[in-house]
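Listed below, chain by chain, are the residues.
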There are 2 protein chains.
Amino acid sequence: MSIKTWDEIRTAYQVARLGTVSGAADVLGVHHATVIRHIDALEGQLGVKLFQRHARGYTATEAGTDLLQVAQATDDQFIQLAGRIRGRGASVTGELVVTSIAMLSPLLNPVMIRFQRDHPGLIVRFLTDDRVFRLEYGEAHVAIRAGAAPEGGDNVVQPFVHDRFALYGSKDYLALNGAPESDEDLANHKFVVADGMDSKAPFFRWLFDRVPQASLSFRATDGRVMRDAIQMGAGLGFLSSYEARLLPDLVQVMPPRPEWRAQLWLVTHVDLHRTMKVQSFLAYLKDAAKSWPLE
Amino acid sequence: MSIKTWDEIRTAYQVARLGTVSGAADVLGVHHATVIRHIDALEGQLGVKLFQRHARGYTATEAGTDLLQVAQATDDQFIQLAGRIRGRGASVTGELVVTSIAMLSPLLNPVMIRFQRDHPGLIVRFLTDDRVFRLEYGEAHVAIRAGAAPEGGDNVVQPFVHDRFALYGSKDYLALNGAPESDEDLANHKFVVADGMDSKAPFFRWLFDRVPQASLSFRATDGRVMRDAIQMGAGLGFLSSYEARLLPDLVQVMPPRPEWRAQLWLVTHVDLHRTMKVQSFLAYLKDAAKSWPLE
DNA sequence: AGGCGGTTGTGCACATACGCACATCACGAA
DNA sequence: TTCGTGATGTGCGTATGTGCACAACCGCCT
């Protein structure tokens, strides 16, 4: 059987170290009667006397000195541990795990790179996957989500920026099919869209209301595939105007509209939200967003 | 500032190890509400979240896994410590510290040697000094004292054997002075005695009553010095009959008398008296005493 | 010798921390 | 969907452990 409580070991440690019950009581901030009772209880559990009692104090037996050695090391370990943990909350070290959709990487990558550069020793992990990473399970520190406001869970979610979308086509496509003259003309074109009608993206819902199903000729699940398809002339498609500026051979056939905007959300788990690391990264994000040509 | 209580670390350790509050509560033998309160208190002290709470349990943050590592090592250390200490009470290892007067070493040495031989790894320390070693301060496990029954302190004292004393002289001395014919004839001889009139030894008090001070011509404080003086013919003197049998050139001029006997006492500190090591050594002593030609 | 400071040890009253019961929530299976 | 299981979280009454006051003891210094 193991030890019932670690505190009695701690008490015995102080007694062995200081040699007196009173001294140990002072250090521990308890009454000396408590110290005596702890020692008695511990000796009772172990079946061995840890100290020899006399009027000048307690002197450790062999078992007591053995405990002293072990508990001394433990005390040091715990002090260092507490220092590390307390410091960890106030400084930014270790890992910063960010999760989002891959489509946002052109926006997020510069921020993460700068954050890492300003915090040497920090490791940045940017996780993108089909499934949503669950902050509740500690899979990530901060998530940048798109769409409707994420709810539920112990997450603190705050609105971020609006990702501005416009309609693009490749030069090849436009040379063959021309550009749509008006909203009504869209029905005569082909489109690259997300697979499935359940997409919550506002520009897709806007599009689905105006063109027949047959016009949605290229459907994919991955954002990168869709982007490549648009570039290769598979059809017109919506892209973040910020992203599209970096891509060659793309022509903006319709400028951004407010109703196409996608709200981005910053979401962090409540347990991690107050840490310096997360707060600092959020500040970097918001600061970078000011110079983003999105709104 | 250090940690307030080690038990909360222990609780957090089990939670980090098992992943659930309920599991930790089972292992620790407490209610799960207690576990939650411990975690909350510890996190409050550290100012950092150790766990992320979700419906499936607690998953450790970086700080939590750090604590897990440290506390895991601590748990192992304490388990080993408890094993050592518990075993120490039931087995005989480490040191056995015996204190007595040097005069008894001919009797005690064989016992200690046999005890050490039967308990490999044990270190026997036989302390003899002018001052009495204080068992209360843990200076020795068992003391063999001579004279009046030792009292006071938290010592358990039990009567041991009677050391049988006789009067001896060297062949040289007897060739020069002859042997005393009767008790009254003692006044015509020289004696080797302990320095100071305050000796409590019964044979000395008996002698002091029968011979003039001037007869006590050689006085020493050390038993070995007295023995050597008798051997070298400085005068007659009392020796343990057991010891004298081993010495050459000594003649017993008066056989042992009951009133010369010195009571020996076995005294151990109450805190150590119940340990296997002490009990075992006491058994060796009593067993060896049966074959001593003392009574 | 005798008082003094510091120690251990103990009975009693109380506050802190515990266990209990219940509420709530999430996930999975039927 | 609905039910069931197993998890976390909380209010409340109680018991365990704590602090307090005092006693007894020892060593030291005057």
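Residues numbered from 1 in each chain as written. Chains lettered and ligands numbered in written order. Predicted model: local features only at pLDDT ≥ 70, side-chain atom pairs only at ≥ 80, totals over all residues.

Engineer: Can you help me understand the overall build of chain A in this one?
Structural biologist: For chain A, the helix and strand inventory stands at eleven helices and twelve strands. For a compact globule of 295 residues, the expected C-alpha radius of gyration is about 19 Å, and chain A comes in at 32 Å, more than 25% above that figure. Each of the three principal axes of chain A carries a C-alpha extent, and together these read 105 × 35 × 25 Å. Every one of the 295 residues in chain A was classed for burial, and the buried ones make up 35%. Across chain A, every contact between residues at least 6 apart in sequence was considered, and the portion connecting residues at least 24 apart equals 72%. (Helix = DSSP H or I, 4+ residues; strand = E, 2+ residues; numbered from the N terminus. Rg over C-alpha atoms; globule rule 2.2 N^0.38 Å. Buried ≥ 20, exposed ≤ 12 C-beta atoms within 10 Å, placed from the backbone. Contact = placed C-beta atoms within 7 Å.)

Engineer: Mind showing me how you'd approach the sheet that holds strand β10 (residues 237-240) of chain A here?
Structural biologist: Pairing between sheet strands relies on hydrogen bonds along the backbone, with the strands arranged either parallel or antiparallel. All names here are of chain A. With antiparallel pairing, the three strands of this open sheet are ordered in space as β10-β7-β11. Only two strands of the sheet have a single neighbouring strand rather than two, namely β10 and β11 (250-254). Strand-to-strand twist of the sheet, defined as the mean angle between neighbouring strand axes without regard to direction, takes the value 55 degrees. With four bridges connecting them, strand β7 (residues 165-170) and β11 associate as antiparallel partners. In the strand pairing of β11, G169 is matched with V251. (Pairing = 2+ DSSP bridges. Axes fitted to C-alpha atoms, helices over the stretch in contact; angles between N-to-C directions.)

Engineer: Help me understand the interface of chain A and chain B, please; the structure alone is not making it clear to me.
Structural biologist: Each side of the interface is counted separately: chain A has 40 residues, and chain B has 42 residues. For the side of chain A that touches chain B, the residue count by class is 15 nonpolar, 13 polar and twelve charged. (Nonpolar A, V, L, I, M, F, W, Y, C, P; charged D, E, K, R; others polar.)

Engineer: Any chance you could explain the protein's contact with DNA strand D here in plain terms?
Structural biologist: In the vicinity of DNA strand D, 19 residues are found, and the nearest of them are V30, H31 and A55 of chain A together with V21 and A33 of chain B. Listing elements by their share of the surface near DNA strand D, those giving two or more residues are α3 (32-46) of chain A together with α2 (21-28), α3 (32-46) and β2 (57-60) of chain B. A breakdown of the residues in the surface near DNA strand D according to their chemical character gives eight nonpolar, eight polar and three charged. (Near = placed C-beta within 6 Å.)

Engineer: Looking at this structure, I do not really get the sheet that holds strand β7 (residues 165-170) of chain B. What am I missing?
Structural biologist: Residue and element names in this part refer to chain B. Reading across from one edge, β10-β7-β11 is the order of the three strands in this open sheet, with antiparallel pairing throughout. The open sheet has two free edges, formed respectively by β10 (237-240) and β11 (250-254), since each of these has just one partner strand. For this sheet, the mean inter-axis angle between neighbouring strands, taken without regard to orientation, is 55 degrees. As defined by bridge partners, β7 adjoins β10 across four bridges and the pair is classed as antiparallel. Residue pairing for β10: A166 is matched across the bridge by L239.

Engineer: I would appreciate a short explanation of the packing of helix α1 (residues 6-18) of chain B against α3 of chain B in the present structure.
Structural biologist: Helices that pack against each other are described as a pair by the angle of their axes relative to one another and the distance between those axes. All names here are of chain B. With their axes 9 Å apart at the nearest point, α1 and α3 run at an angle of 110 degrees to one another. When the interaxial angle is binned, α1 and α3 end up roughly perpendicular. In the packing of α1 onto α3, the handedness of the crossing is left-handed. In this structure, α1 contributes E8, I9, T11, A12 and V15 to the contact, and α3 contributes V35, H38, I39, A41 and L42. (Parallel < 35°, antiparallel > 145°, perpendicular 65-115°, else oblique. Left-handed = near helix turned anticlockwise from the far one by under 90°.)

Engineer: Explain the relation of the copies chain A and chain B to me, please; I cannot follow it from the model alone.
Structural biologist: Think of it as a corkscrew move, a rotation about one axis and a shift along it, taking one chain copy to the other. Aligned on chain B, chain A shows an RMSD of 0.4 Å; the corresponding rotation is 180 degrees and the shift along the axis is 0.1 Å. Expressed as an axis order, the relation between the two copies is that of a two-fold axis. In this assembly the copies share their binding face: 100% of the residues contributing to the interface of chain A also contribute to that of chain B. (Least-squares fit on C-alpha atoms with pLDDT ≥ 70 in both.)

Engineer: Is there a simple way to think about the nonpolar core in this case?
Structural biologist: Core analysis: the biggest nonpolar cluster contains 54 residues, and L67 of chain A together with L67 of chain B have the highest contact counts within it. In this structure, L135, F203, I230 and A262 of chain B belong to the second largest nonpolar core, which totals 42 residues. (Core = buried A, V, L, I, M, F, W, Y, C linked by C-beta atoms within 7 Å.)

Engineer: Help me understand the protein's contact with DNA strand C, please; the structure alone is not making it clear to me.
Structural biologist: As a structural note, the neighbourhood of DNA strand C is formed by 19 residues, with V21 and A33 of chain A together with H31, T34 and A55 of chain B the closest of them. Every element with two or more residues in the surface near DNA strand C is listed here: α2 (21-28), α3 and β2 (57-60) of chain A together with α3 of chain B. Grouping the constituent residues of the surface near DNA strand C by class yields eight nonpolar, eight polar and three charged.

Engineer: Where do I start with the pairing of strand β4 (residues 123-127) of chain A in this structure?
Structural biologist: Along a regular strand, successive side chains alternate from one face of the sheet to the other. Residue and element names in this part refer to chain A. The buried fraction of β4 is low, at zero of five residues. Sheet analysis places strand β3 (residues 95-100) next to β4, joined by five bridges and oriented parallel. Looking across to β4, one finds that L96 is bridged to V124. With respect to chirality, the unit in which β3 leads through helix α5 (residues 105-118) into the neighbouring parallel β4 is right-handed. (Right-handed = clockwise from strand over helix to strand, strands pointing away.)

Engineer: Mind showing me how you'd approach the environment of S291 of chain B here?
Structural biologist: All names here are of chain B. For S291, the position within the fold is in the segment after α11 (276-290). According to the C-beta neighbour criterion, S291 is exposed, with 7 such atoms within 10 Å. Sequence-wise, S291 and T74 are 217 residues apart; in three dimensions their C-alpha atoms are separated by 51 Å.

Engineer: Explain unusual backbone geometry to me, please; I cannot follow it from the model alone.
Structural biologist: Across the chain, the bulk of peptide bonds are trans and the bulk of non-glycine residues have phi less than zero. Residues and elements named next belong to chain A. Backbone geometry at D249 places phi at a positive 65 degrees, although glycine is not the residue there. For D249, the position within the fold is in the loop between α9 (241-244) and β11. Taking the C-beta count within 10 Å as the criterion, D249 has 13 such neighbours and is therefore assigned partly exposed.

Engineer: Looking at this structure, I do not really get the domain arrangement of chain A. What am I missing?
Structural biologist: What the domain assignment reports for chain A is domain 1 (6-89), domain 2 (95-157 + 266-290) and domain 3 (165-260). Once you take the C-alpha centre of each, domain 1 of chain A and domain 3 of chain A turn out to be 72 Å apart. (Domains from an automatic or database assignment.)

Engineer: Would you explain the packing of α5 of chain A against helix α11 (residues 276-290) of chain A in this entry?
Structural biologist: Residue and element names in this part refer to chain A. For the pair α5 and α11, the least separation of the axes is 10 Å and the interaxial angle reads 135 degrees. In this view, α5 runs oblique relative to α11, as classed from their interaxial angle. Here α5 runs over α11; the crossing is right-handed. Counting all contacts with α5, which are made through P110, V111, R114 and F115, the residues of α11 involved are F281, Y284, L285 and A288. A per-class count over the contact of α5 with α11 returns seven nonpolar, no polar and one charged.

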